[in-house]
Structures are given as C-alpha cells and as structure tokens.
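Here are the chains, one letter per residue:
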Amino acid sequence: MADTASSTAAPVPSPLVRAAARNWSALFLILLFVAFGFAAPNFLSIQNIQSVVHLQTVPFLLAASETFVIITGGIDLSIGFVMGLCSVSAAEIVQLLAAKGLSGGTAVALASIAVLLLSLLPGLVNGVVITRFKVPPFIATLGMWGMANGLALKLCDGFPVAGLPDFLPRLGNGYLFYALPGNFVSLFDKPAGFPDARIRELWRLIPFSLPFIVAVLGFLAFRLSRTPFGRHTYAIGGSMDAAVRSGIDVDRHLVKVYVLSSFLAGVGGVFNVFQTGIGNYTTFNASYEFFAIAAVVIGGASLSGGKGRIFGSAVGVLVLAFLENGLDISGVQPFYRYIAVGVLLVVAVVIDKLFPDLL
Amino acid sequence: MNDKEKVPRKSTLRGFLGGRWVAIFLVLEIVFFMFKSQGFATVNSAQILLFYGTQVFLLAVAELFVVVTGGIDLSVGYILGFASIISIKIVDALVAAGLSVPASILAGTVATLVIGLVPGLVNGWLVAWLRVPPFIATFSMLGVCHGVSELVINGVYAMGMPQLAADIGNGNLLYKAPHLPFIFFRRPEVERGTPVLALIPNIVVAAAIVILIFAFVLRRTRFGRHLYAIGGSMDAAVRAGIPVRRRILQVYALSSFLASLAGVTYAFMYVSGKADAGASLLLDAIAAVMIGGASMFGGTGTVGRTMIGALVLAVLDLGLRMAGIATFDKYILVGAILVLAVIAARYLPEAQHPVSEDRK
C-alpha cells in the first residue's frame, strides 16, 4: 500500500525493523526487566511480578475499554470515574441487601449483576450524546467524567463504603495454589490453621485475577481481530465516510463501543470491591483514564483512530506498571514515573509517525 | 459572510437566543441563587467569586487560545502547580541571597514567567514540528510537570514566600473606612471592630488587565486572526502564507505563560505551592471555553464568551456552597451543563461570528 506512494521517499524498512517498531513497547518491557533485574534483586521474584500483574487488573480492563474507543477515533475520559461509581454503588447495594437479611454471598452476587447492568447506562448516554447530538467524544465523556464523579461522591458521601462481607478481599486477592516448599500444597486458600505471621514463607501462585483477566482480554482480542464487530470498529476509525458507504450502521456501532467501554469500567468497579473489600470512589489524582489512554498509545494505537490492539494495550499497561514498581523497589523517587510516562508517550507517537502503515 | 446573510432567519426567538443563551443562563443562575442562598447578592460575594475564580479565568483564556487553533492543552493545571512552586523557591532563594524583599518578589515573578514558557515551547515544538497530537503532547507535559514539581518540593508544600507577597495577593485596590477618604492598597489603621469596606482585590485587577490584553490580541491583531484561520482550516492557513508552525509554537507558549501567571497568583494568594494546585481546575477551564461556545475543532470562540462560561461555573460553585448544598452536586451539574451547552450551541447557533470561516 505504501510502496506505490513512497517510490521517491525513504526506502521501505526491513521486516525486522518493522517488527521491532511494531512491538517496541514489548521490547522496552524486556529492557525494563533486565535493567531492574540488575538494579533491584527482588524485582524478578515471582511474588513481585505476580502482585504487580494482580494489581493491574483494573488498569487492564480500563485499557481494554479505551482500546476499542480509541480505535474508532474517539476517546472516553469517563471510565475512571464510572469505575469508581460502580465500585461505590456495588458496595452500597451489598449493604442494602445485607440489611434486608440476605446472606453475604447472595447479596454480593445480586449486587454485582445489578451494577454490571447499571454500568451500561453511562456508556449509553455517552454514545447517544456523541452520535445523535454530534457532541465531540472528548466533551461528551468529559461531561460524564464530572457526572459520574459527582454521583459517586454523593452516593458515598465522600467516604469509602466499608462494612462489607469479609470474604470479598479473600476472594479478590486469593491465589489458586498455596505451597510451603517441600511440605504441602493447598488449593484456593491458605492451609487451615497456618499462622498469619508466617504467611510470607508460603509460595502463593497464580492469583485468581490472572485467569480472569487473561480470559477477558483474550475474549476481547478475539472480538476485535476476528469478528465483524472488530472489523467494523477498525473500519469506523480508519475512515468514517468509507464505513458509512460500506453499509455499516456507524451510529449504532459507536453506541455499542461506548457501552462496552463503560461496561468494562463497571467490571473494573466490581473487581475493585472484591480486591479492596470496600467501595472506593475515584479520587481526582488517580487519573485512571489518562493512564489507560497512555497505555493504549504506548501499545501502538493512534488517537486518530484505526489502529490498536488489545495485546499492545496490555503490554502498555505492564510497561507503566513495572516502570513504577521497578523505580519504587530500586529506591528511585517515584515521581520520575510521571516524567517517564510523558517521554514514553512522545516516543510512541514518533514511532507511529515514522512507520505510518503499521497496523 | 455574504452567503450567511442570504439565509433567512428561521425564527426570531432562535435567532435571538443564538449566542446569547449562555449570558441569559448566567443571569437566570444569579437570580436563582439570589433567592436560594442567603447573602449571595452582595458586593462581597461578587468579590469572593472573582477572587477565588482568578486561576480558572486565566487558565480558561490559556485554553481558549489553544482551542481556537483546534488543539487542546491538558498541561495547564500542572504548569500552574509547577509555577506556584518555582516562584516561591526562587523568591525564597533571592531573599536568602540578600536581595531586598520587593526586588526578590519582582525578580522571582519575572523569572517564573520566563521559565513558565518552557513547557509551552516544548508542547508547541512537539505539536508543530513532530506532529504529535496535542492531546498526547500536552498530556506528556502534564506528567513531566507533575514529576518535576514533586522532585523540586520533595513531597512537601513549597513555603517561604515573604509576607509582602501575601499582602499583595490578598490585598485590595481600595479601602474605605467610615469618616475617612478612599485609600489605595493599604488597609486604614482604625480601631478593631470598625467595619472597613475593601473593594476590588489586587489579584483580580491584575488578572483582568492581562485578560483584557489577551482579548485584544485575539480579536484585533493579525496574530489573533491567524489563530482563527489555523483553527478554521489548517490547509487554507498554510496556503494563505500564514506561518502555521510558528503560530502554533507561540500559542502553546502563550497558554503556558498564562498558566504560569495563574500559578504565580496562586503563590501570592495562598503563600504556598504544590504540584497538584491546578489539577482539578483543568475541567473548569475546558468547560468554561466550551460553555462559552468555542468548538473543539477550532476556529471559534472569544475571550468574552469564555469569561461568561467561567462565570457560569464560578456562580454555580459559590451559589451551591452558600446554599449549603454539598459540593458533590457541583461536579454533576458542571458535567451536565458542559454537555448541554455543546448541544445547545448546535441548535442555537450564533447569528454571526466575529471572525468565522466555514469549516469542512
């Protein structure tokens, strides 16, 4: 495609260079591992890597929602606060149901379903405002940013919602296998009677969140790369006009994408309750949506649409996470992270410009 | 322009509301809070509103210039924080070096404003020469400013601004005590408990002068017209011989300059500097510009309307506070007003733009 146009331009880069450019973030991630592996001995321990990945479950979900939206050429600034709103409302509903005399398990299950359904609403509003009233996505979702934030704070009165069943964090932070080297292995929970004080001696392997997030991301990657839904998403981002002319119901598809985006934020909100055991509103400084966008761009997507992969975004999340973690445990000021994110974003865009035909 | 005049007015009401509805909304809002909130309709609360709104007003003008060219500047909030910190650090260092206090304050302010150009120049260079999308370029700068600010202050507030700066920052232009003539700048020395009328905060005067200058720049100078042209159509601007790259560089530098100025006013008002001083003001600044009727795609927007947009937000904030309604409602209302304003701008278009061009 580019060959015809670029006969006078620079020579076409070799496949190896193109592959490196396409996956530069993965290469950078490997570089991070090597560098921090030397700088901080604990960095490469299984426990550290597992816990970093585990703590990135919500950012993975948010980056996935942002991937779909950015591929269509839009942006969703509301996901961070929608996540907080869902976390708070899930916790509130659990409390409400528990007060009605339901058992903890039933209350949590019902509340999760209710919140996942509710989480479709912000996306529906975003999608309708964007497609029907032609409000730019930046503005529409910035409006939802404010509304979701205000609603969450109103619901919880500015305090995290506590007093939930205490099996929640055990489930959310549990591991598939527990082993004491050379001694015993137990599934799903630490062996009965094992003293909490010695918990660090236990080998905890594969957090529950890992198969969960791998399944979700795998499913979304499949949807994006192998189904009409994904092809339409790319088509809209590539050229809105062409998508309309080829018979895609663009408005409808865009609404679906924004609904998917806020649904994934809702999943993140519910997971957040499981992970922390309380309902958290999103603070201003959290900047979830910005880090999600950064991850997606570092992962190779372009804000002008038509480009991006779930795998790339997931790598982007890991780059940001391990960068923070590595700086942290090698004793560097954590503030360098913000600067590093800025530099990485610019690198991502420059690579995007140098290799415009990479998909 | 001629084409537009040929189009018949659809209805006089829509024609009347077009472009004026934000101002009408502002009036309705003020009337509402006059009844809803005790003591809202006083000179004092008007002054409070302007005083605490200073930073948002300045950031909104900064944002407007960038939005007119079709860009966006996400870094203004953290540039504000950065400037608030370095102004204090520089003034503190100069005083410690033995310079007189007024000279230190003056030199510190000037130095901060000069350093404050740097983030904008980098933004402009990234956008105009490396063709990085404004969203990414300025978001990167947000991160860099945040990181550098935190490194400078090392996790605590920047302190050490001399008392004189606080007196200027929290002082007023005019004071009137009973039986005494108006006094400029200095609070008259009267017995404790005597009511002294303080009029027009210094900071507001300074901000108003700067904003008026920039309103003039945008409306009346060739530089301003170039910005509208660039936002209207980049291609046309290039073909018309406008130095587009240089203008974009200048506009981001200008935005960063105004954000730094807002940071200096913050340091004068609160006598402290922190990295996230302006973090939550970004929403207000962008919302003010959009409520003021500017388009995200560039080519439209005026300083006057942006100020009306900023006032809509400031009145809402103060009114809700004085009515004792939780500030959480403010976020919901700002979000809703932002979206509704953009929808309204679509259905109630302005009859004529001061400088406008058909967009693609």
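Please read these numbers as outputs of a predicted model, since none were measured by experiment.

Chemist: Mind laying out the overall build of chain B, listing which residues take part and the relevant values?
Modeler: When helices and strands are tallied, chain B shows 16 helices and 3 strands. Computed over the C-alpha atoms, the radius of gyration of chain B is 21 Å, within 12% of the 21 Å expected from 2.2 N^0.38 for a compact globule of 360 residues. Taken along the three principal axes of its C-alpha coordinates, chain B extends 70 × 50 × 40 Å. When burial is assessed residue by residue, chain B has 46% of its 360 residues classed as buried. Summarising the internal contacts of chain B: among those between residues at least 6 apart in sequence, 77% fall at separations of at least 24.

Chemist: Break down the overall build of chain A for me, citing the residues and quoting the values.
Modeler: Looking only at helices and strands, one finds 17 helices and 3 strands in chain A. For 359 residues, the compact-globule estimate of 2.2 N^0.38 gives 21 Å, and the C-alpha radius of gyration of chain A, at 22 Å, lies within 12% of that figure. Burial status across chain A gives 46% buried among its 359 residues. Residue pairs in contact within chain A that sit at least 24 positions apart in sequence constitute 75% of those at least 6 positions apart.

Chemist: Describe in detail the sheet that holds strand S1 (residues 172-176) of chain B, supporting the description with residues and values.
Modeler: Residues and elements named next belong to chain B. Spatially, 3 strands are ordered S2-S1-S3 in an open sheet, and the strand pairing comes out antiparallel. Two strands close off the open sheet at either side, each with one partner strand: strand S2 (183-184) and strand S3 (197-201). The pairing of S1 with S2 spans 2 bridges and is classified as antiparallel. When the bridges of S2 are listed, Tyr-175 appears paired with Ile-183.

Chemist: Break down unusual backbone geometry for me, with residues and values.
Modeler: Residue and element names in this part refer to chain B. For Arg-131, which is not a glycine, the phi torsion comes out positive at approximately 55 degrees. Examined against the element boundaries, Arg-131 turns out to sit in the loop between helix H7 (117-128) and helix H8 (134-153). Residue classification places Arg-131 among the exposed positions, given that 12 C-beta atoms sit within 10 Å. Phi is positive for Ile-200, close to 60 degrees, though the residue is something other than glycine. Here Ile-200 lies in strand S3.

Chemist: So what's going on with the interface of chain A and chain B? Residues and values would help.
Modeler: Between chain A and chain B, the residue contacts involve 36 residues of the former and 38 residues of the latter. At the level of elements, helix H9 (137-156), helix H15 (288-298) and helix H17 (336-354) of chain A are the ones that each hand at least two residues to the side of chain A that touches chain B. Considering each element in turn, the side of chain A that touches chain B owes the most residues, 14 residues, to H9(A). Of the residues that constitute the side of chain A that touches chain B, the class distribution is 26 nonpolar, 7 polar and 3 charged.

Chemist: Tell me about helix H14 (residues 250-276) of chain A, and please be specific about residues and values.
Modeler: Residue and element names in this part refer to chain A. An ideal rise of 1.5 Å per residue puts 39 Å on 27 residues; H14 measures up with 39 Å between its terminal C-alpha atoms. Counted residue by residue, H14 has 22 buried out of 27 residues, so it is predominantly covered. Remark: Gly-277 follows H14 within two positions and exhibits a positive phi of approximately 80 degrees.

Chemist: So what's going on with the nonpolar core? Which residues, and what values?
Modeler: Core analysis: the largest hydrophobic core is formed by 198 residues, its most contacted members being A:Leu345, B:Leu59, B:Val61, B:Leu80 and B:Leu338. Per element, the largest residue contribution to this core is 16 residues, and it comes from helix H13 (residues 244-270) of chain B. Once residues lying within four places of it in the same chain are set aside, the contact partners of B:Val61 are B:Ile211, B:Phe214, B:Leu258, B:Val303 and B:Thr306.

Chemist: Help me get a handle on the environment of B:Leu164, residues and values and all.
Modeler: All names here are of chain B. Secondary-structure assignment places Leu-164 in helix H9 (residues 163-170). When the 15 C-beta atoms within 10 Å are taken as the criterion, Leu-164 is described as partly exposed. Contact partners of Leu-164, with chain neighbours within four places excluded, come to Val-101, Pro-102 and Ile-105.

Chemist: Which residues make up the packing of helix H4 (residues 43-68) of chain B against helix H14 (residues 281-291) of chain B, and what values go with them?
Modeler: The axes of two packed helices give the description: the angle between them and the distance between them. All names here are of chain B. Across the interface, H4 lies against H14 with an axial gap of 8 Å and an inter-helix angle of 60 degrees. If you check the angle between H4 and H14, you find them oblique. Relative to H14, the crossing made by H4 is right-handed. Note on element contacts: H14 touches H4 through Leu-281, Asp-284, Ala-285, Ile-286, Ala-288 and Val-289, opposite Gln-55, Val-56, Leu-59, Ala-60, Glu-63, Leu-64 and Val-67. Class assignment for the residues of the contact of H4 with H14 results in 10 nonpolar, 1 polar and 2 charged.

Chemist: Can you explain the environment of B:Leu151? Please cite residues and give values.
Modeler: In this fold, B:Leu151 is placed in helix H8. Overall, B:Leu151 belongs to the partly exposed group, with 15 C-beta atoms counted inside 10 Å. Along the primary structure B:Leu151 and B:Ala275 are separated by 124 residues, whereas in three dimensions their C-alpha atoms are 9.5 Å apart. The contacts of B:Leu151, once residues within four sequence positions are left out, are A:Gln333 and A:Phe335.

Chemist: Now, about the environment of B:Leu333: what can you tell me, with residues and values included?
Modeler: Residues and elements named next belong to chain B. Tracing the sequence through the fold places Leu-333 in helix H16 (residues 328-347). What makes Leu-333 partly exposed here is the crowd of 18 C-beta atoms within 10 Å. Residues Leu-333 and Leu-313 lie 20 residues apart in sequence; the distance between their C-alpha atoms is 9.3 Å.

Chemist: How would you sum up the packing of helix H8 (residues 120-132) of chain A against H14(A)? Please name residues and give values.
Modeler: All names here are of chain A. Here H8 crosses H14 at 150 degrees, and the two axes come no closer than 7 Å. When the interaxial angle is binned, H8 and H14 end up roughly antiparallel. Both H8 and H14 take part in a crossing whose hand is right-handed. In this structure, H8 contributes Leu-120, Pro-122, Gly-123, Leu-124, Asn-126, Gly-127, Val-128, Ile-130 and Thr-131 to the contact, and H14 contributes Asp-251, Leu-254, Val-255, Tyr-258, Val-259, Leu-260, Ser-261, Ser-262 and Phe-263. When its residues are assigned to classes, the contact of H8 with H14 shows 11 nonpolar, 6 polar and 1 charged.

Chemist: Tell me about the confidence of the model for chain B, and name the residues and values.
Modeler: All names here are of chain B. In the predicted model, chain B carries a mean pLDDT of 88, and 94% of its residues have values of at least 70. For chain B, the element scoring lowest by mean pLDDT is helix H1 (residues 2-6), at 45; H13 scores highest, at 97. Predicted confidence is poor over residues 1-8, with pLDDT under 50, and the contacts of this stretch with residues over four places away or in other chains come to 1 contact. In this model residues 352-360 is a low-confidence stretch, pLDDT under 50, and it forms 16 contacts with partners more than four residues away in sequence or in other chains.

Here is what the cut-offs are and how they apply
- Residues numbered from 1 in each chain as written.
- Chains lettered and ligands numbered in written order.
- Predicted model: local features only at pLDDT ≥ 70, side-chain atom pairs only at ≥ 80, totals over all residues.
- Helix = DSSP H or I, 4+ residues; strand = E, 2+ residues; numbered from the N terminus.
- Rg over C-alpha atoms; globule rule 2.2 N^0.38 Å.
- Buried ≥ 20, exposed ≤ 12 C-beta atoms within 10 Å, placed from the backbone.
- Contact = placed C-beta atoms within 7 Å.
- Pairing = 2+ DSSP bridges.
- Nonpolar A, V, L, I, M, F, W, Y, C, P; charged D, E, K, R; others polar.
- Expected span 1.5 Å × (residues − 1).
- Core = buried A, V, L, I, M, F, W, Y, C linked by C-beta atoms within 7 Å.
- Axes fitted to C-alpha atoms, helices over the stretch in contact; angles between N-to-C directions.
- Parallel < 35°, antiparallel > 145°, perpendicular 65-115°, else oblique.
- Left-handed = near helix turned anticlockwise from the far one by under 90°.
- pLDDT = per-residue confidence, 0-100.

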